[in-house]
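The residues making up each chain are set out below.
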Amino acid sequence: MTTRLNTTVSLSEPDDVLAAVPHMLGFHPTNSLVVLTLHDLGFTPRFGVTVRTDLPCSMRMCGFGEYLLSGPLGRQRAEAVILVVIGEEPSADACDDNCAGACRRPLLNGTGADEIDTGPPLADLVDVIRDSFHRAGIVTAHAMWAPQIQAGASWRCYSDPECFGEIPDPKSSPVAAAMAAAGSVTFGSRDELRALVAPESAQAVTRWSAKLDALAEERIEDHDPARVSRDVQLVHAAIQRAASGSALTEDDKLRVLLAVSDTRVRDIALGTALGDTAKAAEELWLALVRNAPDPELPEVAALLAFSAYLRGEGALAGVALERIERVEPDHQLGALLRQAMEAGLPPTELAVIARDAAEDARIMLEEDGAW
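First, a word on scope: everything that follows refers to the structure included in this document. Being a predicted model, the structure only gives us computed values, none of them experimental. (Residues numbered from 1 in each chain as written. Predicted model: local features only at pLDDT ≥ 70, side-chain atom pairs only at ≥ 80, totals over all residues. Heavy atoms only, no water.)

1. Describing the overall build of the chain
Then step 1. What the chain contains, in helices and strands, is 14 helices and six strands.
Then step 2. Within the span of the chain, comprising 371 residues, buried residues form 49% of the whole.
Then step 3. Restricting the contact set of the chain to residue pairs at least 6 apart, pairs at least 24 apart contribute 71%. (Helix = DSSP H or I, 4+ residues; strand = E, 2+ residues; numbered from the N terminus. Buried < 20%, exposed > 50% of the residue type's maximum accessible area, 1.4 Å probe, protein only. Contact = heavy atoms within 4.5 Å.)

2. Description of the pattern of salt bridges
Then step 1. Under the definition given, this model contains 16 salt bridges.
Then step 2. As a salt-bridge pair, arginine 264 and aspartate 262 come within 2.8 Å of each other at their nearest N and O atoms.
Then step 3. Aspartate 262 gets classed as buried once you look at its relative accessible area, which sits at 14%.
Then step 4. The shortest N-O distance in the salt bridge between arginine 311 and glutamate 313 comes to 3.6 Å.
Then step 5. Taking the relative accessible area as the measure of exposure, arginine 311 reaches 39% and is therefore partly exposed.
Then step 6. In this structure glutamate 313 comes out as buried when scored by relative accessible area, which is 8%. (Salt bridge = Lys/Arg side-chain N within 4 Å of Asp/Glu carboxyl O.)

3. Quick notes on the environment of leucine 73
Then step 1. With respect to the secondary-structure elements, leucine 73 resides in the loop between α2 (64–69) and β3 (80–86).
Then step 2. Between the C-alpha atom of leucine 73 and that of threonine 50, which follows or precedes it by 23 residues, the distance is 9.1 Å.
Then step 3. Apart from the residues lying within four places of it in its own chain, the contact partners of leucine 73 are Val35, Thr37, Val49, Val51, Leu68 and Phe133.

4. Observations regarding helix α12 (residues 314–327)
Each turn of an α-helix holds 3.6 residues, which means side chains three or four residues apart point in the same direction.
Then step 1. Given a rise of 1.5 Å per residue, 14 residues ought to cover 20 Å, and the 20 Å separating the end C-alpha atoms of α12 matches this to within 8%.
Then step 2. Within α12, 11 of the 14 residues are buried, leaving the element largely enclosed by the surrounding structure.
Then step 3. Three or more residues of α12 are buried, namely Gly314, Ala315, Leu316, Ala317, Gly318, Val319, Ala320, Leu321, Glu322, Arg323 and Ile324. (Expected span 1.5 Å × (residues − 1).)

5. Examining the sheet that holds strand β4 (residues 139–146)
Then step 1. Within the open sheet, the six strands sit side by side as β2-β1-β3-β4-β5-β6. Their pairing is mixed. The open sheet has two edge strands with one neighbour each: β2 (46–54) and β6 (164–166). Each strand axis lies, on average, 20° off the axis of its neighbour in the sheet, ignoring direction.
Then step 2. Here helix α3 (residues 123–135) sits on the sheet and contacts β1 (32–39), β3 and β4; the angle it forms with β3, its principal contact strand, is near 165°. (Pairing = 2+ DSSP bridges. Axes fitted to C-alpha atoms, helices over the stretch in contact; angles between N-to-C directions.)

As structure tokens, this is what we get:
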């Protein structure tokens, strides 16, 4: 995901970088590999994207560097990276093939790895990634390990036994202050982030489902070709009201949810992520996602994911896409957004796609006489 911070904060020490990691991701990672890309090394180095993945077990280390380069990192043209290993428990889902131990580097004296101090855990994983990146022309500027990212946790370097320290309080880091000033929230875990987009309650979803059925019956009798245009106006009016501080009723939200369930209206609504009311629009999409029944969920969740991704909130976009994938795995826009994230497509390029989609939808409506 792109770094969420759009201002300049100087990070000169490894301690500072480690304390900044949760804020760059949007949540505190556990049992993760985090890759921070670096650019403009000849001038003032700057961070590019921040990529997090679950730790692989030994059976999956064999091509892990190439795997990383085949995803978002491959598009970034990074000059260097900082590797941060957090924890040491691999993802159980990764341990299902037969190359166990193939990437373990034999010790020169033949002594078992468990009989000597080999330094921080998962050094072999770091070696594999460092080698792959080196072949791709990417320098590993630093590689560090910490059991967790929290105040007082010890950290160690992989290349220098004299390089170690304690992590300062992430809540007090300069990046945390800048994020707070920008209105960004850093969650305690990815599960907390998932809870943000989870259904508010089964009762609320059931109530909304019944009301949506009644509204859908009304729409069946509405044969006016200009209905889609009215739905677009309804959505924009609701966002404007929310942006001005006026509360929307439940019926207002239900009508917006039903409107954006039409993909033509949804495509035009993508443009709301680009204007002055983007924040209000995203807050509305989030409120709808938390109460939307399964049939109406995918389109509004895609709007939320798109808006979040454009702001650099890749973690929020990711959990919104997870909800789509559970309900409708073949959802077209959801799949396109997932591909964009995995390829590391810059938000600026995604914004161009949104403008084109909105314009195409308007042209189609004009041709059908619905605009």
